[in-house]
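# Geometric and topological summary
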Amino acid sequence: MAGSSRSSARSRIKSTTDSGDDGALRSTKPNFKKRRNRSEDHSLIRILNVDLKIILGIGVCSFLVIFFLINNLMKPVEQAQRPRVVTPFPAPKLMDLPQFQGEHKESLYWGTYRPHVYLGIRARAPRSLVAGLMWIGLKDGRYFMRHVCQDSDELSTYGWTQHNGRDFGHQVLVDHGLRLETSFLKSKSEGSGYGGDWAVRIDAQSEKSDWNDEMQQKGHLFFYLANEDGSPLSLRKDDIDIHENSLLASGSRSDIGDWQLHLESKDVLEIHYSGFRTPHIHNLSDLVQQNLGDQARKLGLLLLSDSSEDSSNILVFQLSAGIPFKTDIAFVSGTGLKDSRVKERVNSLTGTLLTNQLLGKQSEFDAKFDRCFNIAGKHKNHDNFIKYWPAELYTAVPSRPFFPRGFLWDEGFHQLLIWRWDIHICLDIVGHWLDLMNIDGWIPREQILGSESLSKVPEEFVLQHPSNGNPPTLFLVIRDLLHGIEKNKFTSDESNEIISFLERAFVRLEAWFQWFNTTQSGKEIGSYFWHGRDNSSTRELNPKTLSSGLDDYPRASHPSEEERHLDLRCWMLLAANCMHSITQLLKKEYRSGKDYGSTAKLLSNFETLNQMHLDPAYGAYFDFGNHTEKVRLSWKETTVENSYVKRELVREVLEKPELRLVPHVGYVGLFPFMEKIIPPDSWILEKQLDLILNRSILWTDYGLRSLAKTSSLYMKRNTEHDPPYWRGPIWMNMNYRILSALFHYSKEDGPYRDKARAIYDELRGNLIRNVVQNYHQTGFLWEQYDQKKGKGKGARLFTGWTSLVLLIMAEAYS
């Protein structure tokens, strides 16, 4: 995963057309000043010049953001001409299992499945009806359009404070004095169409005393509906007066039947609208800003035009009112039925009845949270690239502003939380990932599905090599599920559904395992190396290993097929153990060459592990490869066109590399410890504990740093533009796994039991204390944390694996 300053595929974010300069609005009034630095704020709307101070609010972020993206990224290709890499795996899909059909499927039909916008709703269907929210924010006396999550907006707080993943969510957004609370609720009642109905409550308040001064008497919200299939939406033609008639728009779809959109509010709202016709919705902000700009120039008013293009497939409603105000929006389906009870259903989704339901859902969420986690009392280049087939993915996302899409290696960590919350959602997500497998057993590591997501990522980072993998972390949750069945942690129905899932998933898991075991295997039996490192790189201090998920973590200085990567060996042990357990659970016979028990025994052999990866003098484990420590980045001048001299940092090798252990202590070296391979009475375990506890190596007051201070690459830039990433900062996913191992060894009989417990207690306290402190100071969870002062770094609103701090509080380990 990458931070905001990284240049890896994961971190690059294209300036979306949703926030382009062309959408800026200008006033025609004398006191409206021209906009200055147009390059700084792409979604700027320049109307008034008012000096306001920025305040930070304390907010909360939910641990779970779930979305469903459906795309059409490639044109249909005849099956006979389809290359293997984009040929789906030839087995029944997991999502076709009965447990994912019927009520389960319908209950998840609608949801907040558009995480890259501040509030976005869609269905789990191709070409869905899409809804969302925009608003006009004020920063340094200038107006901006808010829609897409981006750090440049500088919201002091935003994120779901509660979200049950199914039918309820509540979030708080604080935008320079404007506080918005949005609540989402689904309802299935008599007369509803497929998927039921849903409601959104928007509560706008001021956090500044001068918000309602003479120049800022109104807040402006924009709620929209867009039909991705291009079908026209019907707008209520007469003047919109919600006190006379709450209907805003209507339409019909084959999946849900006739539908209607209603708006109700006890406050006095001024409502305007615009209708647009476009095949794309990712440029919606531009359309709205252009319309507002035209109106501002003509009339000097910040109001939509009250006009609609022919056959509009997008309807935008502007809700303007004095702050504070509150409004309820209700979407009801199946309205064409004789007994549809539309008025009754709208009433149940607005006003006092909606308030009561939201309060009930909030109480249910809090009670379930306590049951599930029980933390009370415990808190102390483009060659050979082809676009994938049109696919769908239900997934948890790492970060809404930076990574609003699925990442394979993050997903296994996400599911460690989600299975404890809702086992059915967990299985649904894992099933979707496995259904993305191609005929060779390969799963792309990053899922950029749909035009909205695609618009946020530069083209050069969309395509992926089918020879490169990603840590098979889904086996982390599979191991938990297998253990849960063994220990009777699930109900009888849940256990049966998990077993049914594993029965169907087995052929895909087997193909996935075999893909790793063949394509990523090393020259020696039981060795593996991550493919995808650039052995011709001239600008990287140490060629990155993006496929490992650890990006710039130091590996052998000269990539080669002689490499042995310790972390991948341990991931393969986890996978082999899981496959062996599944075969035993399902009573499957081993096929020729697929004795997972024997593979697990080989990979867990302590003597073989030590022969391949241990430095006995140091008591530490390392990668192996063609390596030299004498590599540096040096400035070099080259002459290019027109005798122009170009100066750049290039890699300089001062010593011939040799096959050896790669002497960098850090997260990779602790993988045998994390996987609990080391016997509890081994002297090596004591050495590992000493490395963890040593302040000159890994220990800090905020968690364990990713790379030792003694490493020659500690906090070194990898290129001129790549700052250190996994070369010092503290990451929650690895600290969680290390804590899990410490917890394990603190309960095992052996001479180091008490020492493991003492380190566990102190490390756990440091991690919790630092994350909570950062959260109270900033209102966010962060991608990583600084090893010197503990400050949050990288992407914020990182409610992905940083949320593992919740399991650390609950002491819930594998």
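For the structure itself, look to the data block above.
Everything quoted here is computed from the prediction, not taken from an experiment.

The next point concerns the overall build of the chain. Regarding its fold elements, the chain presents 17 helices and 29 strands. Taking all 814 residues of the chain together, the buried fraction comes to 62%. Total accessible area on the chain is roughly 31800 Å²; 48% of this is exposed by carbon and sulfur atoms.

The subject of this paragraph is the pattern of salt bridges. Evaluation of the coordinates by the stated rule reveals 39 salt bridges. Between Glu 364 and Lys 361 there is a salt bridge, with the nearest N and O atoms lying 3.9 Å from each other. With a gap of three residues between them, Glu 364 and Lys 361 both fall in helix H4 (residues 351–373), about one helical turn apart. Lys 755 is the partner of Asp 690 in a salt bridge, and the nearest nitrogen-oxygen pair spans 2.4 Å.

Here we come to the side chain of Thr 350. Relative to the helices and strands, Thr 350 resides in the loop between helix H3 (342–348) and H4. On the basis of relative accessibility, which here comes to 4%, the residue Thr 350 falls in the buried class. At 2.9 Å, the side chain of Thr 350 forms a polar contact with the backbone oxygen of Val 346.

Right, let's talk about the pairing of strand S18 (residues 325–333) for a bit. Among the nine residues of S18, eight are classified as buried, and the element is accordingly described as predominantly covered. Strand direction decides the pairing type here: strand S10 (residues 197–206) and S18, joined by seven bridges, are antiparallel. Bridging across to S18, Ala 199 finds its partner in Ala 330. Pairing of strand S14 (residues 257–264) with S18, which is carried by six bridges, proceeds in the antiparallel orientation. Bridge assignment links His 262 to a residue of S18, and that residue is Ala 330.

A word on helix H5 (residues 408–421). Given 3.6 residues to a turn, an α-helix orients residues that are three or four positions apart in the same direction. With 14 residues, H5 should cover 20 Å at 1.5 Å per step; its first-to-last C-alpha distance of 20 Å lies within 8% of that length. Taking the largest bend as the criterion, H5 deviates by roughly 35°, centred on Gln 415. Of all the 14 residues making up H5, 14 are buried; the element is thus mostly covered by neighbouring parts of the structure.

Moving on: the side chain of Arg 508. Among the structural elements, Arg 508 can be located in helix H9 (residues 492–519). Looking at Arg 508, its side chain comes within polar contact range of the main-chain oxygen of Ala 91, at 2.9 Å. A polar atom in the side chain of Arg 508 sits 3.1 Å from the backbone oxygen of Leu 434. Once you skip the residues sitting within four places of it in the chain, Arg 508 turns out to touch Phe 89, Ala 91, Pro 92, Lys 93, Leu 94, Leu 434, Asp 435 and Met 437.

A few words now on the environment of Gly 728. Within the fold, Gly 728 resides in the loop between helix H14 (683–693) and helix H15 (732–745). Leaving out residues up to four positions away in the same chain, Gly 728 has contacts with Arg 705, Ser 706, Leu 707, Tyr 714, Met 715 and Gln 787.

Right, let's get into the sheet that holds strand S9 (residues 178–187). By way of backbone hydrogen bonds, the strands of a sheet pair with one another, either parallel or antiparallel. Reading across the sheet, the eight strands line up as S7-S8-S9-S10-S18-S14-S13-S12 and stay open at both edges, with antiparallel pairing between neighbours. Taken across any chain shown, the strands that pair with only one partner, and hence form the sheet edges, are strand S7 (157–163) and strand S12 (234–235).

So, on to the pairing of strand S17 (residues 314–321). Among the eight residues of S17, eight are classified as buried, and the element is accordingly described as predominantly covered. In the sheet, strand S11 (residues 219–227) pairs with S17 via eight bridges, with the strands oriented antiparallel. Looking across to S17, one finds that Leu 225 is bridged to Leu 315.

Ranked by size, the top nonpolar core spans 207 residues in total, and within it Phe 317, Leu 434, Trp 512, Phe 673, Trp 726, Ile 738 and Leu 742 carry the most contacts. It is helix H10 (residues 566–586) that provides the largest number of residues to this core, a total of 13 residues. Of the domains in this structure, domain 1 (108–370) and domain 2 (406–810) are the two that each give at least three residues to this core. Among the nonpolar cores identified, the runner-up in size contains 19 residues, and Val 130, Leu 138, Phe 222 and Leu 302 belong to it.

This brings us to the packing of aromatic side chains. To describe a pair of aromatic rings, one takes the distance between the centres and the angle between the planes. All told, the structure shown has 40 aromatic pairs when counted by the stated rule. When the centroid spacing of 5.9 Å and the interplanar angle of 85° are considered together, the rings of Tyr 113 and Tyr 394 count as edge-to-face. Of the two residues, Tyr 113 and Tyr 394, both sit in the buried class. Where Trp 731 meets Trp 801, the ring centres are 6.2 Å apart and the plane angle is 75°; that geometry is what we call edge-to-face.

With respect to the secondary-structure elements, Ile 418 resides in helix H5. Classification of Ile 418 as buried rests on a relative accessible area of 1%.

Turning our eyes to something else, we now look at H4. Under the 1.5 Å per step criterion, the end-to-end length of H4 is 33 Å for 23 residues, consistent within 8% with the ideal 33 Å. Taken together, the buried positions of H4 are occupied by Leu 354, Leu 358, Lys 361, Phe 365 and Phe 373. At the C-terminal side of H4, Asn 374 shows a positive phi close to 45°.

The step from Ile 323 to Pro 324 runs through a cis peptide bond, and the omega angle for that step is 5°. By secondary structure assignment, the location of Pro 324 is in the loop between S17 and S18. We note that Arg 127 has phi near 50°; this positive angle belongs to a residue other than glycine. The topology assignment puts Arg 127 in the loop between strand S4 (120–123) and strand S5 (129–139). For Arg 127, a relative accessible area of 43% puts it in the partly exposed group.

Conventions adopted
Along each chain, residue indices are assigned from 1 in the same order as the chain's sequence is written. Reporting in this predicted model follows two pLDDT cut-offs: at least 70 for local features of residues, and 80 or more for side-chain atom pairs to be given and counted; totals over whole chains, interfaces and linings ignore these cut-offs and use all residues. Note: side-chain values were computed over all heavy atoms of the structure, leaving out hydrogens and water. Every helix listed is a DSSP run of H or I at least four residues long, and every strand listed is a run of E at least two residues long, numbered separately from the N terminus. For every residue, the accessible area obtained with a 1.4 Å probe (protein chains only) is divided by the maximum for its type, and the residue is called buried under 20%, exposed over 50%, and partly exposed between those limits. For the area figures, the Shrake-Rupley method with a 1.4 Å probe applies, and any residue is considered shielded solely by the protein chains shown. We define a salt bridge as a side-chain nitrogen of Lys or Arg found within 4 Å of a carboxyl oxygen belonging to Asp or Glu. Polar contact is defined as a pair of N or O atoms within 3.5 Å, subject to the rule that within protein one atom must be able to donate a hydrogen and the other to accept it, and that residues adjacent in sequence are counted only when both atoms are side-chain atoms. Pairing between two strands requires that DSSP report at least two bridges joining them. To estimate how far a helix should reach, multiply one less than its number of residues by 1.5 Å. Consider a residue and the seven residues that end there alongside the seven that start there; fitting an axis to each set, the bend is the angle between those axes. Every residue pair with non-hydrogen atoms within 4.5 Å of one another is taken to be in contact. Residue types Ala, Val, Leu, Ile, Met, Phe, Trp, Tyr and Cys, when buried and joined through side-chain atoms within 4.5 Å, form a set referred to as a nonpolar core. As annotated, the domain borders come from an automatic or database domain assignment. Aromatic rings from Phe, Tyr and Trp, with only the six-membered ring used for Trp, were paired whenever their centres fell within 6.5 Å, and each pair was classed as stacked if the ring planes differed by under 30 degrees, edge-to-face if by over 60, and tilted otherwise.

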